[in-house]
Amino acid sequence: MFEIVGRLRCPVCSEIVTIDDKVFLDIINTVIHQKCYYKALRRLPIQDEGSFQKMLLKYPFLHDDEDDSI
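Residues numbered from 1 in each chain as written. Predicted model: local features only at pLDDT ≥ 70, side-chain atom pairs only at ≥ 80, totals over all residues. Heavy atoms only, no water.

What about the pairing of strand β1 (residues 22-26)?
- Among the five residues that make up β1, four are buried, leaving the element largely enclosed by the rest of the structure.
- Pairing analysis gives five bridges linking β1 to strand β3 (residues 46-51), with the strands arranged antiparallel. Paired with Val23 across the two strands is Gly50, which belongs to β3.
- Where β1 folds back on strand β2 (residues 31-33), the antiparallel hairpin that results is connected by four residues, among which Asn29 adopts a positive phi of roughly 65°. (Buried < 20%, exposed > 50% of the residue type's maximum accessible area, 1.4 Å probe, protein only. Helix = DSSP H or I, 4+ residues; strand = E, 2+ residues; numbered from the N terminus. Pairing = 2+ DSSP bridges.)

Structure representation (structure tokens):
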């Protein structure tokens, strides 16, 4: 169901974001590790925070629907 799990990488450290990682979701819907956010050169305002699992359940745009693939 969540094909993004194990494939999404933090844009700052390039490590895979795991289901239990604490993340921020910024205003352009970028998922960033909380520990990496303050290391970024450009920081956009934070829209939401919590575990990656919480973000997956809360935001449908993070779901990779098979029907939408080309």
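The structure having been displayed, the exposition proceeds.
A look at the side chain of Ser51
- Along the chain, Ser51 turns up in strand β3.
- With a relative accessible area of 18%, Ser51 lands in the buried category.
- Ignoring anything within four residues of it in the chain, the contact list for Ser51 reads Ile19, Asp20, Asp21, Lys22 and Val23. (Contact = heavy atoms within 4.5 Å.)

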